[in-house]
Amino acid sequence: MDEVRPINGPAAAPGLASIFPPGLQAIYGECRRLYPDQANPLQVTAIVKYWLGGPDPLDYISMYRNVGCAAQDVQEHWHYISFGLSDLYGDNRVHEFTGQEGPSGFGFELTFRLKREVGETAPPTWPAELMQGLARYVFQSENTFCSGDHISWHSPLDNSESRIQHMLLTEDPQISPVHTPFGLVNFLQIVGVCTEELQAAQQWNGQGILELLRGVHVAGGPWLITDMRRGETMFDIDPHLQERVDQGIETEGSNLSGVSAKCVWDDLSRPSEDEEDSRSICIGSQPRRLSEKDTEQIREALRKGLEFNTKAALPPINSQKQGHDRPQSRKDSLESESSAAIIPHELVRTRQLESVHLKFNQESGTLLPLCLRGRLLHGRHFTYKSINGDTAITFVSTGVEGAFATEEHPYAAHGPWLQCILAACTYVTTSPPQILLTEEFVEQMLGDLSELNTREETKLPKEYSWPEKKLKISVLPDSVFDNPLQ
């Protein structure tokens with residue numbers, strides 16, 4: 001449980017700064033620079049600190065009254081700043097100290113700007129619990145956030161009836177990065193958005209949507225202030241913005257390269273004589289775990305998919321390089337304890353499949369049009385990684401190098417990881433590829449799957465089949481994936 005109280009510490013007594021932890025003091029110093037007349041803001045504090053066994057990772061959330069900026073048409077609002085995702089103490093009680101040159105803790109703190117309602121004299125405290133929830137995710141998963149990321153929340157942020165039910169993240173417009181004795185701290189601002197705005201960010205990219213929101217005063221304005229009473233999307237306010245999003249998708253594609261999902265795949269090909277071979281996979285039974293190399297390749301696929309490269313590539317599956325060029329202290333989105341290799345990587349053969357059946361829950365199914373239009377037609381790839389096991393499904397364009405699916409065998413499995421080549425890319429300068437699925441057929445698939453891209457609840461199950469391509473897709477209720485043996 002948290003309590004609300006005024007700050008009683010270095011912000012109020014600069015002369016006593018030496019007795020306070022240096023990381024904490026460094027962030028307080030930036031707050032004093034921004035709010036010199038608010039030495040004692042209200043603060044939500046964890047009664048039992050996380051490092052003493054408490055449930056809340058953030059030690060403090062300070063709440064300031066920001067008068068806005070008339071010159072930039074920025075309205076008055078409440079400004080929330082977290083303390084705890086970065087290393088406040090430097091003694092390894094929460095974060096491992098890795099030096100002054102790298103990130104402090106997770107390398108960032110969260111902020112949030114909430115419109116101040118008329119007559120409101122004190123800031124609402126629900127944003128503090130929202131920030132604690134996001135911090136719990138970061139600590140439990142060890143996945144960090146970046147500017148442009150989107151967060152599917154599927155519930156009003158303040159537990160009301162508001163349409164603001166999801167979040168984007170961006171750099172805070174006023175707080176500069178802080179260099180502390182324990183490393184660098186950036187400040188990522190939470191921006192509340194409607195479902196339609198989240199979907200646009202998924203289909204295009206978060207930074208593009210954030211830039212559009214900055215140009216719409218009631219939807220955020222220059223400082224991206226969240227208004228929980230906003231009843232219209234930015235597309236309702238300015239219908240021309242949808243054209244800009246569509247144009248961005250058409251010319252740039254999507255930079256969302258993969259998601260954690262409820263998914264599974266079946267091999268519809270005739271069972272081979274050696275299906276009892278210990279190296280083969282039976283989806284109906286407990287799947288083999290991904291080897292470390294497969295896990296690294298999927299992880300690199302997601303990371304590289306965020307880049308607008310002129311030549312898309314998956315890391316080679318037999319590469320001996322295991323990401324030595326990046327820090328290993330934090331887990332990426334696809335790394336888990338269960339991803340350790342059970343059998344040697346070289347004993348897991350790649351199998352070519354003639355026909356496959358892909359199964360997704362509704363939320364995952366709604367991203368299939370994005371996968372086709374925003375990724376494959378732009379020569380990129382898109383991965384669904386199962387949250388219920390080590391199963392993964394990667395859709396690959398023929399312009400993507402390093403895939404184990406080939407033009408002759410468009411469906412291939414390496415352990416529980418399935419790759420499907422669906423389209424050739426005219427933007428990638430490689431030797432002329434065989435076009436397995438023409439753009440016309442991809443457009444047909446987009447038409448067949450269009451009902452998945454609507455706000456209305458789709459009646460499940462839904463099945464889509466393309467016999468000539470030996471491909472079947474089913475969108476099923478969550479219960480099928482939550483209780484796989486039923």
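Source: prediction; values computed, not measured.

Section: the packing of aromatic side chains
Stage number 1. The tally for this structure, following the rule as stated, stands at 14 aromatic pairs.
Stage number 2. Seen in terms of ring centroids, Phe 97 and Phe 182 are 5.8 Å apart; in terms of plane orientation they differ by 85°. Their pairing is edge-to-face. On the criterion of sequence distance, the pair formed by Phe 97 in the loop between strand E4 (77–83) and strand E5 (103–115) and Phe 182 in the loop between strand E8 (178–180) and strand E9 (183–193) is long-range, its members being 85 residues apart.
Stage number 3. Here Phe 97 falls in the partly exposed class, since its relative accessible area comes to 37%.
Stage number 4. Three or more aromatic residues joined by ring pairs form one cluster here, namely Phe 360, Phe 382, Tyr 384 and Phe 395.

Concerning the sheet that holds strand E19 (residues 471–476)
Stage number 1. Taken in spatial order, the four strands of this open sheet run E11-E13-E19-E18, and their pairing is mixed. Only two strands of the sheet have a single neighbouring strand rather than two, namely strand E11 (263–267) and strand E18 (462–466). With direction set aside, neighbouring strand axes in the sheet form an average angle of 15°.
Stage number 2. Here strand E13 (residues 356–361) pairs with E19 via six bridges, running parallel. Looking at E19, one finds that Leu 358 is bridged to Ile 473.

Examining the pairing of E19
Stage number 1. The element E19 is extensively covered by neighbouring structure, given that five of its six residues are classed as buried.
Stage number 2. Alignment of E18 against E19, held across five bridges, turns out to be antiparallel. Across the sheet, residue Glu 463 finds its bridge partner in E19, namely Ser 474.
Stage number 3. Linking E18 to E19, which pair antiparallel, is a turn of four residues; within it Lys 470 sits at a positive phi near 55°.

Thoughts on unusual backbone geometry
Stage number 1. Note the cis peptide between Leu 460 and Pro 461, where omega equals 5°.
Stage number 2. At His 154, a position not held by glycine, the phi torsion is positive, near 60°.

With respect to the confidence of the model for the protein
Stage number 1. In the predicted model, the protein carries a mean pLDDT of 81, and the fraction of residues at 70 or more is 75%.
Stage number 2. The low-confidence segment residues 8–17, where pLDDT is below 50, has 13 contacts with residues more than four positions distant or belonging to other chains.
Stage number 3. With pLDDT under 50 throughout, residues 303–347 is counted as low confidence; its partners more than four residues away or in other chains account for 104 contacts.

A short note on a negative patch on the surface
Stage number 1. Taken together, Glu 243, Asp 246, Glu 250, Glu 440 and Glu 443 make up a surface patch of like negative charges.
Stage number 2. Breaking the negative patch down by element, the ones donating at least two residues are helix H6 (240–252) and helix H10 (439–448).
Stage number 3. The element contributing the most residues to the negative patch is H6, with three residues.

A word on the side chain of Ser 474
Stage number 1. Tracing the backbone shows Ser 474 in strand E19.
Stage number 2. On the basis of relative accessibility, which here comes to 1%, the residue Ser 474 falls in the buried class.
Stage number 3. Within the structure, the side chain of Ser 474 is placed 2.6 Å from the side chain of His 357, a separation counted as a polar contact.

What about the nonpolar core?
Stage number 1. Core analysis: the largest hydrophobic core is formed by 36 residues, its most contacted members being Leu 358, Phe 360, Tyr 384, Ile 393, Phe 395, Leu 418 and Leu 471.
Stage number 2. The contact partners of Phe 395, leaving out residues within four places of it in the chain, are Leu 358, Phe 360, Leu 368, Cys 371, Leu 376, Arg 380, His 381, Phe 382, Tyr 384, Cys 420 and Leu 422.
Stage number 3. With 29 residues, the next largest nonpolar core counts Phe 106, Phe 108, Phe 112 and Leu 130 among its residues.

Structural notes on the pattern of salt bridges
Stage number 1. This model, assessed by the stated rule, comprises 19 salt bridges.
Stage number 2. Between Asp 172 and Arg 113 there is a salt bridge; the shortest N-O distance is 2.8 Å. On the criterion of sequence distance, the pair formed by Asp 172 in the loop between strand E7 (166–171) and E8 and Arg 113 in strand E5 is long-range, its members being 59 residues apart.
Stage number 3. As a salt-bridge pair, Glu 129 and Arg 136 come within 2.6 Å of each other at their nearest N and O atoms.
Stage number 4. Overall, the relative accessible area of 40% leaves Glu 129 in the partly exposed class.
Stage number 5. Here the salt bridges share partners, and the residues they tie into one network are Asp 56, Glu 129 and Arg 136.

Basis of the calculations
Residues numbered from 1 in each chain as written. Predicted model: local features only at pLDDT ≥ 70, side-chain atom pairs only at ≥ 80, totals over all residues. Heavy atoms only, no water. Phe/Tyr/Trp six-rings, centres within 6.5 Å; stacked < 30°, edge-to-face > 60°. Helix = DSSP H or I, 4+ residues; strand = E, 2+ residues; numbered from the N terminus. Buried < 20%, exposed > 50% of the residue type's maximum accessible area, 1.4 Å probe, protein only. Pairing = 2+ DSSP bridges. Axes fitted to C-alpha atoms, helices over the stretch in contact; angles between N-to-C directions. pLDDT = per-residue confidence, 0-100. Contact = heavy atoms within 4.5 Å. Patch = residues over 30% accessible without salt bridge, like charges linked within 9 Å, V, L, I, M, F, W, Y side chains within 5 Å. Areas by Shrake-Rupley, 256 points an atom, 1.4 Å probe, with all protein chains shown as cover. Salt bridge = Lys/Arg side-chain N within 4 Å of Asp/Glu carboxyl O. Lys, Arg positive; Asp, Glu negative; His and termini not counted. Charge placed at Lys NZ, Arg CZ, Asp CG, Glu CD. Polar contact = N/O pair within 3.5 Å; in protein donor to acceptor, adjacent residues only side chain to side chain. Core = buried A, V, L, I, M, F, W, Y, C linked by side-chain atoms within 4.5 Å.

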